[in-house]
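Now for the letters of each chain:
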Amino acid sequence: MIETAQIISVAAVLASFLVGYKYGNRLSNNNAGKSANSRESSDQPSSNEEEENVFSDGGHGDCKMILVVRNDLKMGKGKIAAQCGHAAVGAVENARKNPNLLRKWRNSGQAKIAVKVESEEKMMEVYKLAKQKKLNCCLIRDAGRTQIEPNSKTVLAIGPAPNQVLDEVTGRLKLL
């Protein structure tokens with residue numbers, strides 16, 4: 001037979017778990033609001049009304065991030081993976097100024113698509129077009145310690161942003 005002390009112990013553990021879970025969720029939601037507010041009051045330039053209309057609401061379908069990789073550098077697979085990782089992390093850090101879009105991207109699977117270009121010039125054309133459309137970008141330059149020359153532009157991350165807008169900039173590029 002189960003003793004009364006065991007039943008009380010199990011009930012106490014379950015109750016403490018539920019209380020902790022509820023408290024943790026509340027704390028997490030409060031911190032998310034505070035960090036968004038602190039970013040709004042930082043030295044970041046405020047976005048204009050057009051940007052807010054294009055990127056802040058959920059009416060533009062799913063979101064993704066595009067990783068534009070320079071194919072002419074002939075980087076190894078591991079080097080490409082590392083450079084794409086740097087670019088993706090940098091883009092997410094930059095995207096914190098738009099928490100609604102970042103949340104939407106995270107909740108829709110954090111899609112990342114790798115495409116290729118054949119020159120630095122082509123990458124910079126894509127970069128300039130993305131900036132004209134006010135898309136979040138992170139351009140990675142390599143330190144030059146392993147396979148390629150120092151300060152080489154290796155990967156450009158664009159987004160997260162609505163698929164439709166990204167396709168206007170990178171839709172014609174081939175998958176890596």
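Our subject is the structure that appears above.
To start, this report covers the structure provided alongside it. (Residues numbered from 1 in each chain as written. Predicted model: local features only at pLDDT ≥ 70, side-chain atom pairs only at ≥ 80, totals over all residues. Heavy atoms only, no water.)

## Topic: the overall build of the chain
Next, step 1: Counting its regular elements, the chain contains six helices and five strands.
Next, step 2: Put simply, the chain runs from its N terminus to its C terminus through helices and strands in the order α-α-β-α-α-β-α-β-β-α-β.
Next, step 3: Counted over contacts in the chain with a minimum sequence separation of 6, partners at least 24 positions apart contribute 76%.
Next, step 4: Split by element, the accessible area of the chain, about 11200 Å² in all, is 52% carbon and sulfur. (Helix = DSSP H or I, 4+ residues; strand = E, 2+ residues; numbered from the N terminus. Contact = heavy atoms within 4.5 Å. Areas by Shrake-Rupley, 256 points an atom, 1.4 Å probe, with all protein chains shown as cover.)

## Quick notes on the sheet that holds strand 4 (residues 153-162)
Next, step 1: Taken together, the five strands give an open sheet; going across it, the order is 3-4-1-2-5, and neighbouring strands pair in mixed fashion. Where the open sheet ends on each side, the last strands, each with one partner, are strand 3 (137-141) and strand 5 (174-175).
Next, step 2: As paired strands, strand 2 (residues 112-117) and strand 5 are joined by two bridges and run antiparallel to one another. The partner of K116 across the bridge, within strand 5, is K174.
Next, step 3: Relative to the sheet, helix 3 (residues 77-95) contacts strand 1 (63-70), strand 2, strand 3 and strand 4, its axis offset from that of strand 4 by approximately 40°.
Next, step 4: Set on the sheet, helix 5 (residues 120-132) makes contact with strand 1, strand 2, strand 3 and strand 4; between it and strand 4 the angle comes to about 25°. (Pairing = 2+ DSSP bridges. Axes fitted to C-alpha atoms, helices over the stretch in contact; angles between N-to-C directions.)

## A look at the side chain of K79
Next, step 1: Among the secondary structure elements, K79 is positioned in helix 3.
Next, step 2: Given a relative accessible area of 12%, K79 falls into the buried group.
Next, step 3: If we skip the residues at most four places from it in the chain, K79 touches D142, T146, Q147 and I148. (Buried < 20%, exposed > 50% of the residue type's maximum accessible area, 1.4 Å probe, protein only.)

## Points about the nonpolar core
Next, step 1: Ranked by internal contacts, the top residues of the largest apolar core, which has 20 residues, are M65, L67 and A157.
Next, step 2: The element contributing the most residues to this core is helix 3, with seven residues.
Next, step 3: Sequence-distant contacts of A157, defined by excluding residues within four places in its chain, comprise M65, I66, L67, A87, A88, A91, N136, C137 and C138.
Next, step 4: Counting 16 residues, the second largest nonpolar core, distinct from the first, contains C137, A161, V165 and V169. (Core = buried A, V, L, I, M, F, W, Y, C linked by side-chain atoms within 4.5 Å.)

## Some details on the packing of helix 5 against helix 6 (residues 163-170)
Next, step 1: Look at helix 5 against helix 6: their axes get within 9 Å of each other, and the N-to-C directions meet at 145°. Where helix 5 crosses over helix 6, the handedness of that crossing is right-handed. Seen from helix 5, the contacting residues are V126, L129 and A130; seen from helix 6, they are E168, V169 and T170.
Next, step 2: Taken together, the residues of the contact of helix 5 with helix 6 break down into four nonpolar, one polar and one charged. (Left-handed = near helix turned anticlockwise from the far one by under 90°. Nonpolar A, V, L, I, M, F, W, Y, C, P; charged D, E, K, R; others polar.)

## What about helix 6?
Next, step 1: Among all positions of helix 6, only V165, L166, V169 and T170 are buried. End-on, the buried residues of helix 6 take up no more than an arc of 110°, which puts them together on one face. (Arc of directions from axis to C-beta.)

## Some words on the pairing of strand 1
Next, step 1: Of all eight residues in strand 1, eight are buried, a share of seventy percent or more.
Next, step 2: Alternating positions in strand 1 separate into two faces, C63, M65, L67 and V69 on one and K64, I66, V68 and R70 on the other, with burial throughout.
Next, step 3: Relative to strand 4, strand 1 runs antiparallel, the two sharing six bridges. The partner of I66 across the bridge, within strand 4, is I158.
Next, step 4: When strand 1 meets strand 2, the two strands line up parallel, connected through six bridges.

## Comments concerning the pattern of salt bridges
Next, step 1: With the rule as written, the count across this model stands at seven salt bridges.
Next, step 2: Its salt-bridge partner being K122, residue E125 comes within 3.6 Å of it at the nearest N-O pair. One end of the pair, E125, and the other, K122, are both in helix 5, three residues apart, so they sit about a helical turn from each other.
Next, step 3: On the basis of relative accessibility, which here comes to 47%, the residue E125 falls in the partly exposed class.
Next, step 4: Residue K122 is classed as partly exposed on the basis of its relative accessible area, which comes to 26%.
Next, step 5: Close ionic contact of E168 with K133 constitutes a salt bridge, the shortest N to O distance being 3.0 Å. (Salt bridge = Lys/Arg side-chain N within 4 Å of Asp/Glu carboxyl O.)

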